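# Descriptive structure summary
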Amino acid sequence: MSGGLPPPQPLVSRAGRFLVIHEESFTGVTISSNVYVLESDRFYVFDAGGRPDLASFLRACGIEEGRIGAIFLTHGHYDHVTGLRSLRQFEVPTFISTKDAALLESSVQGAGAIEVSCEGPARILESIGIEKIDTPGHTPGSVCYLSKPDRTLISGDTVFSEGFFGRTDLPGGSDAQMIASLESLSRMGIDAILPGHGMYTMEGGSDALKTALSNAKCLLVP
Ligand SMILES: [Zn+2]
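Right, let's walk through the structure included here. Computed from a prediction, not measured in an experiment: that's the story for all the values here.

## Structural notes on the overall build of the protein chain
- Looking only at helices and strands, one finds 6 helices and 11 strands in the protein chain.
- Projecting the C-alpha coordinates of the protein chain onto the three principal axes gives extents of approximately 60 × 35 × 35 Å.
- Sequence separation of at least 24 residues holds for 59% of the intrachain contacts in the protein chain that already meet a minimum separation of 6.

See below:
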């Protein structure tokens, strides 16, 4: 008997150049988000999910903590950031908009995340072909990450594959900002959408964005 719990068996798939750890992997404690991982010289993790033991799920996917180059967060809600707790001892650089720093702090005290707009994270993102786009509306500091070679958008809770947009009724949400963010995203020529929740789509991203924009214009107050 070796004792201890068996390692988790994450539900994973591949979306273009990203490994997807689906949110259903993290059941049991709280709600979670999808986690996306890009392998380059190191592993780059987008969102950290809602369970405090993300590291064990990453390990089950062959991703050792010491090989994680950086973590980029789409926003500060607890279901996207709580997994950071398991990675803190490795001092992985973690980036989030400072406008969401207080949200992050309320879920992961002392997380010490760095502003995503600074030169350091911009250089890392450039080296892996990714552009950060400010998309406030769901939260003040919400951002999306656009993978430029394959027009793939890691969209957090701003927009989902089916053409729905994220909630704006939580603290810091803004109807007008959500509409403006969807307007700018819908002009970008997006193919794939990798959302914070639900299934991703590998094609028709722009159509989903246009649907989300027209839904938002009907349902929100600009
Ligand atoms: Zn959220």
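## As for the nonpolar core
- Grouped together as the largest cluster of nonpolar side chains are 60 residues, with contacts concentrated most on Val37, Val45, Ile71, Phe72, Val159, Leu182 and Leu194.
- No other element matches the 5 residues that helix 6 (residues 205-219) contributes to this core.
- Ignoring sequence-local partners within four residues, the contact set of Leu194 consists of Ala15, Phe18, Tyr36, Thr152, Leu153, Ile154, Ser155 and Tyr200.

## Observations concerning the environment of Gly28
- Tracing the backbone shows Gly28 in the loop between strand 2 (18-21) and strand 3 (35-39).
- Exposure remark for Gly28: the 9 C-beta atoms within 10 Å place this residue in the exposed category.
- As for Gly28 and Glu115, which are separated by 87 residues in sequence, their C-alpha atoms are 31 Å apart.

## A closer look at the sheet that holds strand 2
- Across the sheet, 7 strands lie side by side as 1-2-3-4-5-6-7; this open sheet has mixed pairing. The open sheet has two edge strands, strand 1 (12-15) and strand 7 (114-115), and neither has a second partner.
- Across 2 bridges, strand 5 (residues 68-72) lies against strand 6 (residues 94-96) in parallel orientation. Among the inter-strand pairings, Ile71 is bridged to a residue of strand 6, identified as Thr94.

## Concerning helix 6
- Here helix 6 spans 21 Å end to end across 15 residues, near enough to the 21 Å set by a 1.5 Å rise per residue.
- Buried residues of helix 6: Gly205, Ala208, Leu209, Ala212, Leu213 and Ala216, and no others. Seen end-on, helix 6 carries its buried residues on one side only, within an arc spanning 140 degrees.
- Close packing links the buried residues of helix 6 with strand 10 (152-156), helix 5 (175-186) and strand 11 (192-195).

## A word on the sheet that holds strand 10
- With mixed pairing, the 4 strands of this open sheet are ordered in space as 8-9-10-11. Because the sheet does not close on itself, it has two edges, and the strands there are strand 8 (130-134) and strand 11. Taking the axes of each pair of neighbouring strands and ignoring which way they run, one obtains an average angle of 25 degrees across the sheet.
- Alignment of strand 10 against strand 11, held across 4 bridges, turns out to be parallel. Within the sheet, the bridge partner assigned to Leu153 lies in strand 11 and is Ile193.

## Some thoughts on the packing of helix 5 against helix 6
- Interaxial distance between helix 5 and helix 6 falls to 9 Å at its minimum, and their mutual angle equals 155 degrees. Here helix 5 lies roughly antiparallel to helix 6, going by the angle between them. As helix 5 runs across helix 6, the sense of the crossing is left-handed. Judged by residue contacts, Met178, Ile179, Leu182, Glu183, Leu185 and Ser186 of helix 5 engage Ser206, Leu209, Lys210, Ala212, Leu213, Ala216 and Lys217 from helix 6.
- Taken together, the residues of the contact of helix 5 with helix 6 sort by class into 8 nonpolar, 2 polar and 3 charged.

## Details of helix 5
- With 12 residues, helix 5 extends 16 Å between its outermost C-alpha atoms, agreeing within 8% with the 16 Å of an ideal straight helix rising 1.5 Å per residue.
- Those residues of helix 5 hidden inside the fold are in contact with strand 9 (143-147) and helix 6.

## Let's talk about unusual backbone geometry
- Positive phi, normally seen in glycine, also occurs at Asp47, with a value near 70 degrees.
- Mapped onto the elements, Asp47 comes out in the loop between strand 4 (43-46) and helix 1 (54-60).
- Given 31 C-beta atoms within 10 Å, Asp47 falls into the buried group.
- One non-glycine residue, Glu91, adopts positive backbone phi at about 50 degrees.

## Describing the environment of His22
- Within the fold, His22 resides in the loop between strand 2 and strand 3.
- Judged by the 19 C-beta atoms lying within 10 Å of it, His22 falls in the partly exposed class.

Definitions and limits used
- Residues numbered from 1 in each chain as written.
- Predicted model: local features only at pLDDT ≥ 70, side-chain atom pairs only at ≥ 80, totals over all residues.
- Helix = DSSP H or I, 4+ residues; strand = E, 2+ residues; numbered from the N terminus.
- Contact = placed C-beta atoms within 7 Å.
- Core = buried A, V, L, I, M, F, W, Y, C linked by C-beta atoms within 7 Å.
- Buried ≥ 20, exposed ≤ 12 C-beta atoms within 10 Å, placed from the backbone.
- Pairing = 2+ DSSP bridges.
- Expected span 1.5 Å × (residues − 1).
- Arc of directions from axis to C-beta.
- Axes fitted to C-alpha atoms, helices over the stretch in contact; angles between N-to-C directions.
- Parallel < 35°, antiparallel > 145°, perpendicular 65-115°, else oblique.
- Left-handed = near helix turned anticlockwise from the far one by under 90°.
- Nonpolar A, V, L, I, M, F, W, Y, C, P; charged D, E, K, R; others polar.

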